[in-house]
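Take a look at the letters that make up each chain.
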Amino acid sequence: MPRKKAVTLQNLADELGLTIQTVSKALRGLPGMSEKTRSEVMQLARSKGYLTRGQLESMSSDRLDPFPVAKRRFLLLLGEASLNYNVLLMEGLRERFHELGHTVEALVLPERWTEKEYVKWVKDSGVLYADGVFIAPRLHPSLWEQRLLNLPVPRILLNYPPAEERVDSVVWDVYEAVFQSVRHLARLGHRKILYVGDISSQRGYTLRWQAFREAMGELDQAVTPSGHATLKRDGTPGWLEHFCKLYISERPTAVLCGIDEETPHIFRELARLDAPVPRTCSLVALVNMQHRDLPILTRPLLLIKESGYRAADRMLWRIANPRLPYEHIRIMGEIFYGSTAASRDNSAE
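Being a predicted model, the structure only gives us computed values, none of them experimental.

## Examining the confidence of the model for the chain
When pLDDT is averaged along the chain, the result is 87, and 88% of the positions lie at 70 or above. Mean pLDDT across the elements of the chain ranges from a minimum in helix H4 (residues 53-61), with 59, to a maximum in strand E8 (residues 282-285), with 98.

## Structural notes on the pairing of strand E5 (residues 168-172)
A regular strand places its side chains on the two faces of the sheet in alternate fashion. Counting buried positions over the five residues of E5 gives five, a clear majority of the element. Of the two faces of E5, the one lined by Asp-168, Val-170 and Trp-172 and the one lined by Ser-169 and Val-171 are each fully buried. In the sheet, strand E4 (residues 155-157) pairs with E5 via two bridges, with the strands oriented parallel. Residue pairing for E5: Ile-156 is matched across the bridge by Asp-168.

## Remarks on the side chain of Thr-253
With respect to the secondary-structure elements, Thr-253 resides in the loop between helix H10 (239-250) and strand E7 (254-257). Of note is the side chain of Thr-253, whose polar atom sits 2.7 Å from the side chain of His-190.

## Brief notes about the packing of aromatic side chains
Applying the stated criterion across every chain, the model contains twelve aromatic pairs. Where Tyr-85 meets Trp-172, the ring centres are 5.6 Å apart and the plane angle is 50 degrees; that geometry is what we call tilted. Residue Tyr-85 is found in helix H5 (residues 84-100), and its partner Trp-172 is found in strand E5; the two are separated by 87 residues along the sequence. Comparing Tyr-85 with Trp-172, the two get one shared label, buried. Seen from their ring centres, Tyr-175 and Phe-179 are 5.8 Å apart, and the 40 degrees between their planes marks the pair as tilted. Here the residue Tyr-175 and the residue Phe-179 both occupy positions in helix H8 (residues 174-187), the gap between them amounting to four residues, near one helical turn. Accessibility expressed as a relative area gives 18% for Tyr-175, which makes it buried. Taking relative accessible area as the criterion, Phe-179 reaches 10% and is therefore assigned buried. Put simply, the rings of Phe-74, Phe-97 and Phe-134 touch in pairs and so form one group of aromatic residues. Residue placement shows Arg-147 over the ring face of Tyr-118; its charged tip is 4.9 Å from the ring centre. For the cation-ring pair, Arg-314 lies above Trp-317, with the distance from its terminal atom to the ring centre recorded as 3.7 Å.

Conventions and cut-offs
- Each chain has its residues counted from 1, running along the sequence as written.
- Residues qualify for local features only when their pLDDT is at least 70, as the model is predicted, and side-chain atom pairs are given and counted only at 80 or more; totals for whole chains, interfaces and linings, by contrast, use all residues.
- No hydrogens and no water enter the side-chain calculation; it runs on all heavy atoms of the structure.
- One confidence number per residue, pLDDT, is output by the predictor and ranges from 0 to 100.
- Put simply, DSSP H or I for four residues or longer makes a helix, DSSP E for two residues or longer makes a strand, and each gets a number counted from the N terminus.
- Relative accessibility decides the category of a residue: with a 1.4 Å probe and only protein chains considered, values under 20% of the type maximum give buried, values over 50% give exposed, and everything between is partly exposed.
- Strands were regarded as paired on the criterion that DSSP finds at least two bridges between them.
- Pairing of N or O atoms within 3.5 Å defines a polar contact, subject to two protein rules: one partner must be a possible hydrogen donor and the other a possible acceptor, and residues neighboring in sequence count only if both atoms are side-chain atoms.
- A pair of Phe, Tyr and Trp rings is counted when the ring centres sit within 6.5 Å of each other, with Trp represented by its six-membered ring. The angle between the planes then sorts it: under 30 degrees is stacked, over 60 is edge-to-face, the rest tilted.
- Counted as over-ring charges are cases with an Arg CZ or a Lys NZ within 6 Å of the ring centre that also lie within 35 degrees of the ring normal.

Structure (structure tokens):
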């Protein structure tokens, strides 16, 4: 059988209609081109299995095989009420593993279980025969997470880790995202910012609130839970009415919505309160992706797919380096300038 020819920079340049110099700069992260061009170069290089010398040296130092013979099988463990971020996580995982010839499958966990049912699930699901598992956020019930963290297989937590937990984690950085949101609103002249979102039922929610308090502290604004719409949407009657009362009493010039699925409700409620966005009230939201039925949102970009991609590399690293210290990796995005936040000068009290 003839040996497959190696992909070269010239091959990539010819296929894209670019110069070798442009392709090389794109792969090395150097400036001098549009992000669209850079993305096209990176995608083609990945699909062709092309690796730069730096990438090969990095993988070698991490004891990773860029052209593995053994094909591994991984699982993404997620809840039945899977949200759109699970789709993005799977896209990132599959993209990276496909480049290396490995596979990843989604395994949905049952909503309710007894001790006996859990033991049976572990046996029947084949989870112990996977080469590694990725544990998605927002599992219900929360006891699932601790159970899964105790599985005797390589694990990557796609969440902020519990204290003292011996596990690698990769997560999109919502803490930084909240800081970016508050500072962006502050640069637009806003000081009266109302936070909306549960602040206690999950670690990520608590970190969002902590970031909001610290960021508002930079503006010399005191923050307490009672002064913000921090009731849980799920299982708490009247959470939207609570938001309305706070808006009417506090008259903020901007709202920061910390939870994706609450954003459409808040946008519509502001319109009902005769506080159109952004003319009367600016809105910034932590959403997993742009909602189809909303205007282009000003939002911090949550790099969920990229976190999946990075988590795949971290899994392979952990398998190759089982005795090295655990690491917690936060993937940071940038603020996206949509149409829902305006200068304070264009807003009314």
